[in-house]
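A closer look at the structure
The primary structure of each chain is shown beneath.
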Amino acid sequence: MLFGFCALLALMALLAFDSVHALNELESSSSAVRQDYLKRERTLRDIRFSLYESGNLLREYSLAKPDTSARESYLKQLHDLRDRAHDSLESCLRSLPRDQNSAFQNLGNELASYWLLADRIFLVDPTEANSLSLRDLALSQRASVLTLTGEVSELNELDFRQAEAQISRVFAKTRHRIRVVAISAFSLGLLLAASTIVYLVRLERHAREKYEETLRSQHELKELSKRLVDAQEQERRAISRELHDQVGQSLTALLMDLQNLSDTPAPASSLASGLQRIKLLAEECVNEVRNMALLLRPSMLDDLGLIAALEWQGREVSKRTGLVVDVIDDKFADDLPEDHRTCVYRVVQEALHNCVKHAHARRVRVVVQEQDQHLILSIEDDGIGFDPRRHRGMGFLGMHERVSRLGGHLIVDSLPGRGTRLRVELPLSASPVPQGVPS
Amino acid sequence: MRKLRILLADDHSVMRSGLRALLERQTNLEVIGEADNGRDAVSLSSSLSPDVVVMDVAMPLLNGIEATKSILKQSPSTSIVMLSMHSDESYVMRSLNAGARGYLLKDSAAAELLSALDAVSQGKSFFSSAVRRLLAEDYIRVLRQKGIVDSYDLLTAREREILQLLAEGKTNKEVAADLNISPYTVETHRAHILEKLGLHTPAELILYAVRKGIIH
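Residues numbered from 1 in each chain as written. Chains lettered and ligands numbered in written order. Predicted model: local features only at pLDDT ≥ 70, side-chain atom pairs only at ≥ 80, totals over all residues.

Residues and elements named next belong to chain A. Taking 1.5 Å of rise per residue, the 28 residues of helix α2 (residues 68–95) would be expected to cover 40 Å, and the 40 Å separating its terminal C-alpha atoms lies within 8% of that figure. Of the residues making up α2, those classed as buried are Tyr74, Leu78, Leu81, Ala85, Leu89 and Cys92. Looking at the buried residues of α2, the elements they touch are α1 (2–64) and α3 (102–123). (Helix = DSSP H or I, 4+ residues; strand = E, 2+ residues; numbered from the N terminus. Expected span 1.5 Å × (residues − 1). Buried ≥ 20, exposed ≤ 12 C-beta atoms within 10 Å, placed from the backbone. Contact = placed C-beta atoms within 7 Å.)

Residue and element names in this part refer to chain A. Because side chains alternate across strand β5 (residues 420–427), one face comprises the buried residues Thr420, Leu422, Val424 and Leu426, and the other comprises Arg421, Arg423, Glu425 and Pro427, none of which is buried. One ladder, built from 8 bridges, connects strand β3 (residues 374–381) with β5; its direction is antiparallel. Each residue of the ladder has a partner; that of His374, found in β5, is Pro427. The sheet contact formed by strand β4 (residues 409–414) and β5 spans 6 bridges and is antiparallel. (Pairing = 2+ DSSP bridges.)

Before going further, it helps to examine the packing of helix α7 (residues 157–167) of chain B against helix α9 (residues 183–197) of chain B. All names here are of chain B. With their axes 10 Å apart at the nearest point, α7 and α9 run at an angle of 95° to one another. Taken together, α7 and α9 sit at an angle that is classed as roughly perpendicular. From α7, Arg158, Glu159, Ile162, Leu163 and Leu166 reach across to α9, where they touch Val186, His189, Arg190, His192 and Ile193. By residue class, the composition of the contact of α7 with α9 is 5 nonpolar, 2 polar and 3 charged. (Axes fitted to C-alpha atoms, helices over the stretch in contact; angles between N-to-C directions. Parallel < 35°, antiparallel > 145°, perpendicular 65-115°, else oblique. Nonpolar A, V, L, I, M, F, W, Y, C, P; charged D, E, K, R; others polar.)

The subject of this paragraph is the nonpolar core. With 108 residues, the main nonpolar core has Ala9(B), Val54(B), Met55(B) and Val81(B) as its most contacted residues. The element best represented in this core is helix α8 (residues 338–359) of chain A, accounting for 9 residues. Once residues lying within four places of it in the same chain are set aside, the contact partners of Val81(B) are Val52(B), Val54(B), Met55(B), Ala100(B), Arg101(B), Gly102(B), Leu104(B), Ala116(B), Leu117(B) and Val120(B). (Core = buried A, V, L, I, M, F, W, Y, C linked by C-beta atoms within 7 Å.)

Now for unusual backbone geometry. Residue and element names in this part refer to chain B. Even without being a glycine, Ser49 presents a positive backbone phi close to 45°. When the 14 C-beta atoms within 10 Å are taken as the criterion, Ser49 is described as partly exposed. Here the phi dihedral of Asn180 falls at roughly 65°; this positive angle occurs in a residue that is not glycine. In this structure, Asn180 sits in the loop between α8 (172–179) and α9.

Read these as spatial facts, not as claims about activity.
Here you go:
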């Protein structure tokens, strides 16, 4: 993929560079051709001009019958013209490649013989007989040179056309090359884009699958912990029931039978003392069993409702530890569903445990009230407080778990030295609690 | 002498048969029926009209506290003795609120049931000695922990006297007759007592008396 993009970029850079380079080349070569053409034309024009001028000079000279000084001046003018044509031709010849200058050399030779003839005309008196024939000779030479310049000019033009055709051929070739490179760059880009899209789509699908998998496992984890809490609660209740209802009642019945036995008139004293011992033992057993059952799950929670169970718990903690617990219910019907009762009870249990064990509180207020279809539980202590962002034990996790699986919120508000306030809000609406919603 | 007619309501048959064995040895009372859940207890007491119902607090279908409320709604003269595994005041308070006269712990039932039946049949309250002890201890502890002064000291001698009689289960009229004063005076005293002690219901008054060890 990366390689593909590099190749595409390189190809595009090459295309741009090549196009600019080719266009520059074409432009400079086409301007060179034009320059050459113009230069040759200029040379030819100079030569023609010199020829015409020299012709005029010759005519004037033959008509004027000049003296020696005038002849000198004519000669000088002629030489000027000659030099000019010569210079022009020389510079043209210099700029031409050797294989193309034959026509110009030929022209130069013809021109040179014309100048020689013209020279000779000025060296003889125009009135002399051979002057006339010389002039004719010169004029005919001039005419042939002029013809030659015409030919050379045609040749030059032909050259120019050829060069232009060459240039346009090169231009077409360049255009073709650019087109090929551009098309291949475009196709490569298209290919890259397509494969990128395919790759991205695949990546996205993969990511989505991973995300869904995470969600699923999160949901399963939640479900698992919910089941764990449920199972624990059910187990506790089952054992508590078993202890309380079966073992406890059997022991109580045993006690009663013992009482009946000891009530029989005049038992032997050894029997009476034996019965007394058994009775004490049985009473002890009853108490132990009852306490165990209550610790596992207080029967008031099922028999009398939440507030009674909370009050009992408060009293028990108070008796055991000296912590003063006030349980206050405000506009509370105490007709909660089983799950809610257990949740609140366990949260308070954990909170009181924390108050005693960590907060070293002396007094705690537990308030239960109902507000807008919500159960509000608040637990405030006067303990040492803590930083809720830094300390979060398993106890808090457990509370959180219990509360959130009923769709509620648990807010811990505490500062070191300022006590702790715990607030729980549980929705009481009849609608089922949404499960497995990622939070 | 007419025998005291008793209905037993407990979901444990072992418990019921133990109680029955205990009672059947007495000559001045008879067990006229047994129920193993709260609903049956209500219907049996309406058909048999017992003098006393010995009622387990925790029973299936309808618990003893709710059953007590229903029975007393039908026939307010029935006496109810609660039978419970729990000495905690939550149970005691709710039983009293429901209208029960006696509160008996199951493990002391064998020793105390007869006294309890005796007391409630005379219109008095009865509490297991363990319950009385626990309530009194709790009360003292709470007073100490919260640093509250016992409001009992605010009562006059007459008020204390009346408190005791009321807590024993006597009506205004009975108290008036005992003390040879008018029932209206008793009512005025009663209102003062409730106000001074911060109490609201007859059940709370009885519980208070138990805590203070005023009644036995």
